[in-house]
Amino acid sequence: GKFFSWSCAHAAAPELSALLARSMDFKGQFWCERFFQVLVVLFGLAGFAVGYMKQDFRVTFQFLSAGGGISAVICLPDWPWWNRNPVSWIPYDSEEEEEEEEEEPAKPKKEKNKEKKKKSQKAQ
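About the criteria used
- Residues numbered from 1 in each chain as written.
- Predicted model: local features only at pLDDT ≥ 70, side-chain atom pairs only at ≥ 80, totals over all residues.
- Heavy atoms only, no water.
- Helix = DSSP H or I, 4+ residues; strand = E, 2+ residues; numbered from the N terminus.
- Patch = residues over 30% accessible without salt bridge, like charges linked within 9 Å, V, L, I, M, F, W, Y side chains within 5 Å.
- Areas by Shrake-Rupley, 256 points an atom, 1.4 Å probe, with all protein chains shown as cover.
- Salt bridge = Lys/Arg side-chain N within 4 Å of Asp/Glu carboxyl O.
- Buried < 20%, exposed > 50% of the residue type's maximum accessible area, 1.4 Å probe, protein only.
- Expected span 1.5 Å × (residues − 1).
- Contact = heavy atoms within 4.5 Å.
- Polar contact = N/O pair within 3.5 Å; in protein donor to acceptor, adjacent residues only side chain to side chain.
- Arc of directions from axis to C-beta.
- Axes fitted to C-alpha atoms, helices over the stretch in contact; angles between N-to-C directions.
- Parallel < 35°, antiparallel > 145°, perpendicular 65-115°, else oblique.
- Left-handed = near helix turned anticlockwise from the far one by under 90°.
- Nonpolar A, V, L, I, M, F, W, Y, C, P; charged D, E, K, R; others polar.

Asker: Describe unusual backbone geometry, with residues and values.
Answerer: In this structure, Gln55 takes a positive phi of about 55° despite not being glycine. One can find Gln55 in the loop between helix 3 (26-54) and helix 4 (57-75).

In structure tokens, the structure reads:
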């Protein structure tokens, strides 16, 4: 058997399992990226100012590292606040595609493409 499975994780911690199963929506991706950029730039500027005043590059690097670490904790996991605008996809109907293939199995692709162009021109 497997050492680890999602059903085992769900039984142990359903909240953690639900958190890991999510996917970030598009607006969440945008705001996550923007937040990451702003946070790193702010820590970089603050680190530069403090490092310049102390004349120590290590302080600047520590500020940048702290900004990167904090932004990683906030932006890398798929937190619920990044999933406020879920995408509703159009359902895929595979039956239509199968019917077209059954009707015209012997025609080459070029002829099928020509017929599709003719149909779209007629529709216009």
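Anyway, onward from the coordinates.
Asker: Describe a nonpolar patch on the surface, and please don't skip the residues or the numbers.
Answerer: On the surface, a nonpolar cluster with roughly 380 Å² of combined accessible area is contributed by Phe26, Val87 and Trp89. Under the relative-accessibility criterion, Trp89 is labelled exposed at 67%.

Asker: Which residues make up helix 3, and what values go with them?
Answerer: For helix 3, spanning 29 residues, the distance from its first C-alpha to its last is 42 Å, which sits close to the expected 42 Å at 1.5 Å a residue. The set of residues buried in helix 3 consists of Gly28, Cys32, Leu39, Gly44, Gly47 and Gly51. Residues of helix 3 that are buried sit in contact with helix 4. Taking the backbone nitrogen of Lys27 as reference, a side-chain oxygen 3.2 Å away marks Asp25 as the first, capping residue of helix 3. Positioned one or two residues after helix 3, Gln55 has a phi angle of 55°, which is positive.

Asker: Tell me about helix 4, and name the residues and values.
Answerer: Each α-helix turn comprises 3.6 residues. Residues three or four places apart therefore point the same way. Helix length check: helix 4, at 19 residues, gives a terminal C-alpha distance of 27 Å against a target of 27 Å (1.5 Å per residue), a fit within 8%. Every buried residue of helix 4 is accounted for by Val59, Thr60, Gly67, Ser71 and Cys75. On an axial view of helix 4, the arc spanned by its buried residues comes to 120°, and they lie on one face. Exposed residues pointing more than 90 degrees away from the buried face of helix 4 are listed as Arg58, Phe61 and Val73. Contact partners of the buried residues in helix 4: helix 3. N-cap assignment for helix 4: the residue whose side-chain oxygen lies 3.2 Å from the backbone N of Arg58 is Asp56.

Asker: Could you give me a rundown of the packing of helix 3 against helix 4, with the residues and numbers involved?
Answerer: Where helix 3 meets helix 4, the closest approach of the two axes is 7 Å, and the angle between their N-to-C directions is 160°. With respect to helix 4, the element helix 3 is oriented roughly antiparallel. Between helix 3 and helix 4 lies a crossing whose hand is right-handed. Partitioning the contact of helix 3 with helix 4 into residue classes produces 16 nonpolar, six polar and one charged.

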